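Fold and contact review
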Amino acid sequence: MNRKLAMVLAAGVGLTLVLAGCSAGGSASSDKGSGSGSSKKGGLISIIVNDPSNPYWKTEGDVASAEAKSLGYKSNVSASKGDTNTESNLIDTAITNKSVAIILDPANASGSIGAVKKADAAGIPVILVNAEINQSGLAKAQLVSNNAQGAALGAQEWVKDVGDSGNYAELFGAPSDNNAQTRSNGYKTVLSQYPGLKEVAKQVANWDRTQGHDKMQSILQANPDIKGVIPGNDEMALGAVAALKEAGKLDQVKVGGFDGSPDAVDAIKAGELQYTVLQPVATFAKKAVQEADSFIRTGKTGASQEKQAFDCVLITKANADKVTSPFTLAE
């Protein structure tokens, strides 16, 4: 293992230990419930995702809903489309419908705090998935991918594909989502170790495939000599791949992904995408419902800490066939 890779992996392990370690002095422990629990199951679990047109968020909702039903609850999946006003209205609906818990993928790190406060005031436990809010102690749990670890993992693979010198571009996710900056920082941690690599463009594409395509077109016009593109998620990556194919440059410009979506895995198999970093959304969406169930019954989630990080896994052509279902890699 070379010294650079060791530094990167050590940083990822360090963050995992911080997030998964002792809760003293950090985020409020998720075992400190606001009540003793009812020791009963049943009722409605409301699940609010971002946008199910994206396979990542669709899987998040599907898995959470299936787990709720398997545990004896009714479930309802709705989407905020990243809009805090819509999200607030959906929280109101969940309260009116007497939900026993809410599984929420927050629309905005700061803007979603008010919605979580409303549910908490109504006595409904909220479990956050995929993205965090900028306040601890409101949600009973926050379950996310270890984005810093995943970004470092992806960036190291990206350097292997692109090389250690040349011009490159970055496609950035939604600025309102802390994951976007965390991944960008993770990329920079690795790529800054290679002085020959120069970032000549950085465009916000809001996690969207169409925007990724359009931003890639404009980047190519201004920087026709780039060697690689490092996007914050698969949808932007696949948009960039489409633009590069149209420009006849896909064989000259290497693109990596982040999410592990079915379309990205297919693109890897086809040789169009170099890799993707699989987020274990199917794992933590299921876990979120299990913690909600525990809290409903006992007043505790069963987790030692509110914020919980789940490590990501690199998917390349070598192991793409082991992705047996959306966002799930076989052992």
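Model, not experiment: these values are computed from the prediction.

Some words on the sheet that holds strand E6 (residues 165-172)
- Overall, mixed pairing links the six strands, which are arranged E7-E6-E8-E9-E10-E12 in an open sheet. The open sheet has two free edges, formed respectively by strand E7 (196-204) and strand E12 (313-315), since each of these has just one partner strand. Recorded for the sheet is a direction-independent mean angle of 20° between the axes of neighbouring strands.
- Of the strand pairs in this sheet, strand E9 (residues 254-259) and strand E10 (residues 275-278) are connected by four bridges, and their pairing is parallel. Bridging across to E10, Phe258 finds its partner in Val277.
- Helix H6 (residues 178-191) rests against E6, E7, strand E8 (228-231) and E9 of the sheet, and its axis sits at about 170° to E6.

Quick notes on the nonpolar core
- Residues Ile45, Ile103, Met216, Ile226 and Leu273 are the most contacted members of the largest nonpolar core, which totals 55 residues.
- Counting residues per element, this core draws most heavily on helix H8 (residues 234-246), at seven residues.
- Setting aside anything within four residues of it in sequence, one finds Ile226 in contact with Asn167, Tyr168, Ala169, Val200, Met216, Ile219, Leu220, Gln252 and Val253.
- With 18 residues, the next largest nonpolar core counts Ala152, Trp158, Tyr187 and Phe258 among its residues.

A few points about the side chain of Gln279
- Here Gln279 shows up in the loop between E10 and helix H10 (281-298).
- Under the relative-accessibility criterion, Gln279 is labelled buried at 1%.
- Engagement of the side chain of Gln279 in a polar contact is seen with the side chain of Tyr56, the distance being 3.3 Å.
- Polar contacts involving the side chain of Gln279 include one to the side chain of Asp259, which spans 2.5 Å.
- Excluding anything up to four places from it in sequence, Gln279 contacts Tyr56, Asn130, Ser145, Asn147, Arg183, Phe258, Asp259, Cys312 and Phe327.

Some points on the packing of aromatic side chains
- Scanning the model with the defined rule gives four aromatic pairs in all.
- Centre to centre, the rings of Tyr56 and Phe327 are 5.4 Å apart; their planes meet at 85°, and the pair counts as edge-to-face. Here Tyr56 is found in helix H2 (residues 55-70), whereas its partner Phe327 is found in the loop between strand E13 (323-325) and strand E14 (328-329), with 271 residues between them in sequence.
- According to the relative accessible area criterion, Tyr56 is buried, its value standing at 3%.
- Of the residues examined, Phe327 reaches a relative accessible area of 2% and is grouped as buried.

Here we look at H10
- For H10, built from 18 residues, the straight-helix expectation of 26 Å at 1.5 Å per residue is met to within 8% by its first-to-last C-alpha distance of 25 Å.
- Looking at H10, one finds that the buried residues are Val281, Ala282, Phe284, Ala285, Ala288, Val289, Glu291, Ala292, Asp293, Ser294, Phe295 and Ile296.
- Directly after H10, the chain includes Gly299, whose backbone phi takes a positive value near 80°.

With respect to the side chain of Asn54
- Considering the arrangement of structural elements, one finds Asn54 in the loop between strand E1 (44-49) and H2.
- Asn54 gets classed as buried once you look at its relative accessible area, which sits at 7%.
- Residues contacting Asn54, with those up to four places away along its chain left out, are Trp207, Asn233 and Glu235.

A few points about the packing of helix H7 (residues 209-222) against H8
- Their axes nearest at 7 Å, the elements H7 and H8 cross at an angle of 45°. By the angle between their axes, H7 is oblique relative to H8. As H7 packs across H8, the resulting crossing turns out to be right-handed. Contact with H7, carried on its side by Arg209, Gly212, His213, Met216, Gln217 and Leu220, involves Glu235, Met236, Leu238, Gly239, Ala240, Ala242, Ala243, Leu244 and Glu246 of H8 and no other residues of that element.

Things to note about the pattern of salt bridges
- Applying the stated rule across the entire model yields 10 salt bridges.
- Residue Glu235 pairs with Arg209 through a salt bridge whose shortest N-O separation is 3.0 Å. With Glu235 in helix H8 and Arg209 in helix H7, this residue pair connects regions lying 26 residues apart in the sequence.
- Note that Lys245 and Glu272 form a salt bridge whose closest N and O atoms lie 3.0 Å from each other. Of the two residues, Lys245 is situated in helix H8 and Glu272 in the loop between helix H9 (262-269) and E10; the sequence distance between them amounts to 27 residues.
- For Glu272, a relative accessible area of 24% corresponds to the partly exposed category.
- Taken together, the shared-partner salt bridges connect Arg209, Glu235 and Asp263 into one network.

Some details on the sheet that holds strand E2 (residues 74-79)
- One open sheet holds the six strands; their spatial order is E2-E1-E3-E4-E5-E11, and the pairing between them is parallel. Every other strand in the sheet has two partners, leaving E2 and strand E11 (307-310) as the edge strands with one partner each. Averaged over all pairs of adjacent strands, the angle between strand axes in this sheet comes to 15°, irrespective of strand direction.
- When strand E4 (residues 126-129) meets strand E5 (residues 141-145), the two strands line up parallel, connected through three bridges. Note that in E5 the partner of Val129 across the bridge is Leu143.
- Against the sheet, H10 contacts E1, strand E3 (101-104), E4, E5 and E11, and its axis sits at roughly 170° relative to E5.

Thresholds, definitions, all that
- Residues numbered from 1 in each chain as written.
- Predicted model: local features only at pLDDT ≥ 70, side-chain atom pairs only at ≥ 80, totals over all residues.
- Heavy atoms only, no water.
- Pairing = 2+ DSSP bridges.
- Helix = DSSP H or I, 4+ residues; strand = E, 2+ residues; numbered from the N terminus.
- Axes fitted to C-alpha atoms, helices over the stretch in contact; angles between N-to-C directions.
- Contact = heavy atoms within 4.5 Å.
- Core = buried A, V, L, I, M, F, W, Y, C linked by side-chain atoms within 4.5 Å.
- Buried < 20%, exposed > 50% of the residue type's maximum accessible area, 1.4 Å probe, protein only.
- Polar contact = N/O pair within 3.5 Å; in protein donor to acceptor, adjacent residues only side chain to side chain.
- Phe/Tyr/Trp six-rings, centres within 6.5 Å; stacked < 30°, edge-to-face > 60°.
- Expected span 1.5 Å × (residues − 1).
- Parallel < 35°, antiparallel > 145°, perpendicular 65-115°, else oblique.
- Left-handed = near helix turned anticlockwise from the far one by under 90°.
- Salt bridge = Lys/Arg side-chain N within 4 Å of Asp/Glu carboxyl O.

Keep in mind these numbers describe shape, not what the thing actually does.
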